[in-house]
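Structural overview for review
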Amino acid sequence: MSSSRNLLLAIAAVSIALVGAALYLQHAKDMLPCPLCVIQRYLFLGIALSSLIGAFANKIKAGAGLALLCALGGLGVVGKHLYVLAHPGFSCGIDPMETTLNKIPTATMLPWLFRADGLCEAAQETVFGLNVPQWSAVWFVILTLALVWVLVRRARR
């Protein structure tokens, strides 16, 4: 198995673990996800799914490319989330985005995973010194760099 394939599998595993950590915080620690948190879950799962398809279908560049698009989208969403936290009073709380997200079929079929219930401004509780959106930003950066590395490595072949 190639190192690029192994890295895609590791990226998928990390992405799935991050969604698992979010579910733990939601259900065990009662930290309700806001609309931006839910979008980040979709993007982490997009990274995982793209990476898995790329690894198992032997389409490393295509899988890494799609996963990279999801990771870049995640950086944008988490950037907005960090902006909301840095500017109190600027909320994405009960708004059309939440209503729309909660009507998507995945949210109605899997509300425990994709239902947005919290306020974006409420993500102030820290885990190991950083709040959840800050951790999300760290992981989106790490995953983006790993995916760029896979693509650069494949381009040199």
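Above: the structure in question.
Let us look at the structure shown here. Please read these numbers as outputs of a predicted model, since none were measured by experiment. Throughout, residues of each chain are indexed from 1 in the direction in which the sequence is written. Given that this is a predicted model, residues contribute local features only at a pLDDT of at least 70 and side-chain atom pairs are listed and counted only at 80 or more, while totals for whole chains, interfaces and linings are drawn from all residues. Side-chain calculation: all heavy atoms of the structure are included, whereas hydrogens and water are not.

Things to note about the overall build of the protein
The helix and strand labels rest on DSSP assignments: H or I over at least four residues marks a helix, E over at least two residues marks a strand, and numbering proceeds from the N terminus. Secondary structure assignment for the protein yields seven helices and two strands. Mapped in sequence order, the helices and strands of the protein form the string α-α-α-α-α-α-β-β-α. Accessible area is worked out with a 1.4 Å probe on protein chains only. A residue is then buried under 20% of its type maximum, exposed over 50%, and partly exposed in between. Residue burial in the protein is summarised as follows: out of 157 residues, 42% are buried. Restricting the contact set of the protein to residue pairs at least 6 apart, pairs at least 24 apart contribute 81%. Within the structure as shown, the protein displays about 8200 Å² of accessible surface, and the carbon and sulfur contribution to it stands at 70%. Whether two residues touch is decided by their heavy atoms; if any such pair falls within 4.5 Å, the residues are in contact. Only the protein chains shown count as cover for residues, and all accessible areas are computed by the Shrake-Rupley method using a 1.4 Å probe.

Re the packing of helix α1 (residues 3-27) against helix α2 (residues 35-56)
Where helices are involved, their axes are fitted lines through C-alpha atoms of the stretch in contact, as for all axes, and angles between N-to-C directions lie from 0 to 180°. Contact pair α1 / α2: the axes reach a minimum separation of 8 Å and the direction vectors enclose 155°. Judged on the interaxial angle alone, α2 and α1 are roughly antiparallel. Seen along the crossing, α1 lies across α2 with a hand that is left-handed. Across from Arg5, Leu8, Leu9, Ile11, Ala12, Ser15, Ile16, Leu18, Val19, Ala22, Leu23 and Gln26 in α1, the residues of α2 making contact are Arg41, Phe44, Leu45, Ile47, Ala48, Ser51, Leu52, Gly54, Ala55 and Phe56. Three classes are used, and their members are as follows: Ala, Val, Leu, Ile, Met, Phe, Trp, Tyr, Cys and Pro are nonpolar, Asp, Glu, Lys and Arg are charged, and the others, Gly among them, are polar. For the contact of α1 with α2, the per-class residue count stands at 16 nonpolar, four polar and two charged. Throughout, the term roughly parallel applies to angles under 35 degrees, roughly antiparallel to angles over 145, roughly perpendicular to angles from 65 to 115, and oblique to all others. Whether a crossing is left-handed or right-handed is set by the direction in which the near helix is turned from the far one by less than a right angle, anticlockwise for left-handed and clockwise for right-handed.

Focus: the side chain of Arg5
Relative to the assigned elements, Arg5 resides in helix α1. Any N or O atom pair separated by 3.5 Å or less is treated as a polar contact, with the protein-specific requirement of one donor-capable and one acceptor-capable atom, and with residues adjacent in sequence counted only for side-chain atom pairs. Here the side chain of Arg5 touches Ala55 through a polar contact of 2.8 Å, landing on its backbone oxygen. In this structure Arg5 touches Ala55, Asn58 and Ile60, once residues within four positions along its chain are discounted.

A few points about the packing of aromatic side chains
Centre distance within 6.5 Å is the pairing criterion for rings of Phe, Tyr and Trp, where only the six-membered ring of Trp is used; planes under 30 degrees apart are then read as stacked, over 60 as edge-to-face, and the remainder as tilted. A full pass over the atoms with the stated rule returns one aromatic pair. Aromatic side chains Phe44 and Phe140 sit 4.0 Å apart centroid to centroid with 5° between the ring planes, which places their arrangement in the stacked category. Remark: Phe140 occurs in helix α7 (residues 132-155) and Phe44 occurs in helix α2; sequence separation between them is 96 residues. Among the residues examined, Phe140 registers a relative accessible area of 0% and is labelled buried.

Let's talk about the environment of Gln134
In this structure, Gln134 sits in helix α7. You can call Gln134 partly exposed: its relative accessible area is 31%. Taking the C-alpha atoms as reference points, Gln134 and Val78, 56 residues apart in sequence, are found 7.9 Å from one another.

Re the packing of α2 against helix α3 (residues 60-86)
Their axes nearest at 7 Å, the elements α2 and α3 cross at an angle of 170°. For the element pair α2 / α3, the angle class is roughly antiparallel. Residues Leu36, Cys37, Ile39, Gln40, Leu43, Gly46, Ile47, Ser50, Ser51, Gly54 and Ala55 of α2 form the contact with α3, whose own contacting residues are Ile60, Gly63, Leu66, Ala67, Cys70, Ala71, Gly73, Gly74, Val77, Val78, Lys80 and His81. Classifying every residue of the contact of α2 with α3 by side-chain character gives 13 nonpolar, nine polar and one charged.

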